Amino acid sequence: MKRKTSAPAGKPVGRRVVLGVLGAGVLGVVFGPAVQGVWRGIRSVASQVMTGGGTVKQGAGGFRYYSIVSSVPRKDASDYRLTVGGLVDKPLAFTLDQLRALPQSAVTKDVHCTDGWVVDEVPFTGVKLADLLDAAGVRPDAHAVRFTCFDGAYSESLTLEQARRDDVLVALTIQGGPISHDAGGPVRLYVAPMYYYKSAKWLSGIELTAEVKPGYWEKYGYPIDGWLPGDEPKHG
Ligand SMILES: Nc1nc2c(c(=O)[nH]1)N[C@H]1C(S)=C(S)[C@@H](COP(=O)(O)O)O[C@H]1N2
Ligand SMILES: [Mo]
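All of these numbers come straight from a predicted model, not from anything done at the bench.

Calculation notes
Residues numbered from 1 in each chain as written. Chains lettered and ligands numbered in written order. Predicted model: local features only at pLDDT ≥ 70, side-chain atom pairs only at ≥ 80, totals over all residues. Heavy atoms only, no water. Near = heavy atom within 4 Å. Polar contact = N/O pair within 3.5 Å; in protein donor to acceptor, adjacent residues only side chain to side chain. Nonpolar A, V, L, I, M, F, W, Y, C, P; charged D, E, K, R; others polar. Salt bridge = Lys/Arg side-chain N within 4 Å of Asp/Glu carboxyl O. Helix = DSSP H or I, 4+ residues; strand = E, 2+ residues; numbered from the N terminus. Phe/Tyr/Trp six-rings, centres within 6.5 Å; stacked < 30°, edge-to-face > 60°. Lys NZ or Arg CZ within 6 Å of the ring centre and 35° of its normal. Core = buried A, V, L, I, M, F, W, Y, C linked by side-chain atoms within 4.5 Å. Buried < 20%, exposed > 50% of the residue type's maximum accessible area, 1.4 Å probe, protein only. Contact = heavy atoms within 4.5 Å.

1. Some points on the site of ligand 1
Within the structure, ligand 1 sits among 20 residues, and Arg 64, Tyr 66, Asp 151, Arg 188 and Lys 201 are positioned closest to it. At 2.3 Å, a backbone N or O of Arg 64 approaches an oxygen atom of ligand 1. Between Tyr 66 and ligand 1, the recorded distance is 2.9 Å, taken from a backbone N or O atom to an oxygen atom. Taken together, the residues of the shell around ligand 1 sort by class into 14 nonpolar, two polar and four charged.

Now the structure itself:
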């Protein structure tokens, strides 16, 4: 899996630098023009926050390993559960085998982190999030979906319309194999049209809510809509 050379290579220079000290222009010089616009000002916020207690390290195949907590329990088919609850007619809980038995979809797209690294053409497979929402029966007063993780800390959210897209998966495989623990397995969210921070690792809960609840990084200034350039729907 090749890595785009426009992404910052090797050691993440400047990740520990306090963001407020650096203007967006300086960040642009340090990191190059790979990520533009709103992201240039807030990129690397994630890494700086995580040096406080979480982890950033070089991952496999061009990925970096991100976690906001220093250790995450391991789960497998024996103890993994995914709940679907909140504003639904029928709250559900799935084991890993039950998720594997549902119809699987494939999505392949470049993965982009707001920190500037990119992994080209990453194939994911899994269950369409929309299928799980339909199985639970979304109530009319639900307009958003909140995701929680068995790391006990991370959260993300989407509007219901975003969540129903065909390229949003509850992913069970990446690059042709099971999702490793470090990559957020056994089950992670994959929101293909958005920056990778929207793709919650170690997914354990899907909750239908009346309105969008800001996720973990949104508290640090990340936009709730993480559209990749060109993927933003015309109607907004
Ligand atoms: N639970 C959890 N999910 C997460 C994160 C995290 O720290 N914890 N980081 C996000 C960010 S910013 C990115 S870029 C990707 C990183 O995925 P990777 O560690 O598999 O490369 O996961 C996203 N999902
Ligand atoms: Mo990220």
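2. Some remarks on the pattern of salt bridges
Counted by the stated rule, this structure contains nine salt bridges. Here Asp 97 ties to Arg 100 by a salt bridge, and the two come within 3.2 Å at their closest N and O atoms. Separated by three residues within a single helix, Asp 97 and Arg 100 lie in helix α4 (residues 96–101), roughly one turn from each other. Across the salt bridge formed by Glu 207 and Arg 146, the nearest N and O atoms sit 3.7 Å from each other. In this pair, Glu 207 is assigned in strand β12 (residues 203–209) and Arg 146 in strand β7 (residues 144–149), connecting sequence segments 61 residues apart. Connected through shared salt-bridge partners, Glu 156, Lys 198 and Glu 218 make up one network.

3. Quick word on the packing of aromatic side chains
Scanning the entire structure with this criterion turns up 13 aromatic pairs. Where Tyr 66 meets Trp 117, the ring centres are 6.0 Å apart and the plane angle is 70°; that geometry is what we call edge-to-face. With Tyr 66 in strand β2 (residues 64–67) and Trp 117 in the loop between β5 (105–112) and β6 (118–128), this pair connects stretches of sequence that are 51 residues apart. Consider the rings of Tyr 197 and Tyr 222, whose centres lie 4.7 Å apart with planes at 85°: the pair is edge-to-face. Here Tyr 197, found in the loop between β11 (188–191) and β12, pairs with Tyr 222, found in the segment after β12; they are 25 residues apart in sequence, far enough to count as distant. Ring pairing ties together the aromatic residues Tyr 154, Tyr 197, Tyr 216, Trp 217, Tyr 220 and Tyr 222, which thus form one cluster. Here Lys 75 stacks its cationic end above the ring of Phe 150, 5.6 Å away from the centre of that ring.

4. Some words on the nonpolar core
Grouped together as the largest cluster of nonpolar side chains are 46 residues, with contacts concentrated most on Leu 82, Leu 133, Phe 147, Val 170, Leu 203, Ile 206 and Leu 208. Sorting the residues of this core by element identifies β3 (82–86), α4, α5 (129–136), β7, α6 (160–163), β9 (168–174), β11 and β12 as the ones contributing at least two each. Broken down by element, this core gets its largest block of residues, four residues, from α5. Not counting residues within four places of it along the chain, the set of residues in contact with Leu 133 comprises Val 138, Val 145, Leu 160, Ala 163, Arg 164, Ile 206 and Leu 208. If you look at the next biggest cluster of nonpolar residues, it comprises 17 residues, including Phe 63, Val 107, Ile 174 and Ala 183.

5. What about the side chain of Thr 209?
Tracing the sequence through the fold places Thr 209 in strand β12. Taking relative accessible area as the criterion, Thr 209 reaches 4% and is therefore assigned buried. Within polar-contact distance, the side chain of Thr 209 engages the backbone oxygen of Glu 211 at 2.9 Å. Non-local contacts of Thr 209, meaning those with residues more than four positions away in its chain, are made with Leu 87, Asp 141, Ala 142, His 143, Ala 144, Val 145 and Arg 146.

6. A word on the environment of Thr 83
Along the polypeptide, Thr 83 turns up in strand β3. In this structure Thr 83 comes out as partly exposed when scored by relative accessible area, which is 39%. Not counting chain neighbours up to four residues away, the residues in contact with Thr 83 comprise Leu 92, Ala 93, Ser 204, Gly 205 and Ile 206.

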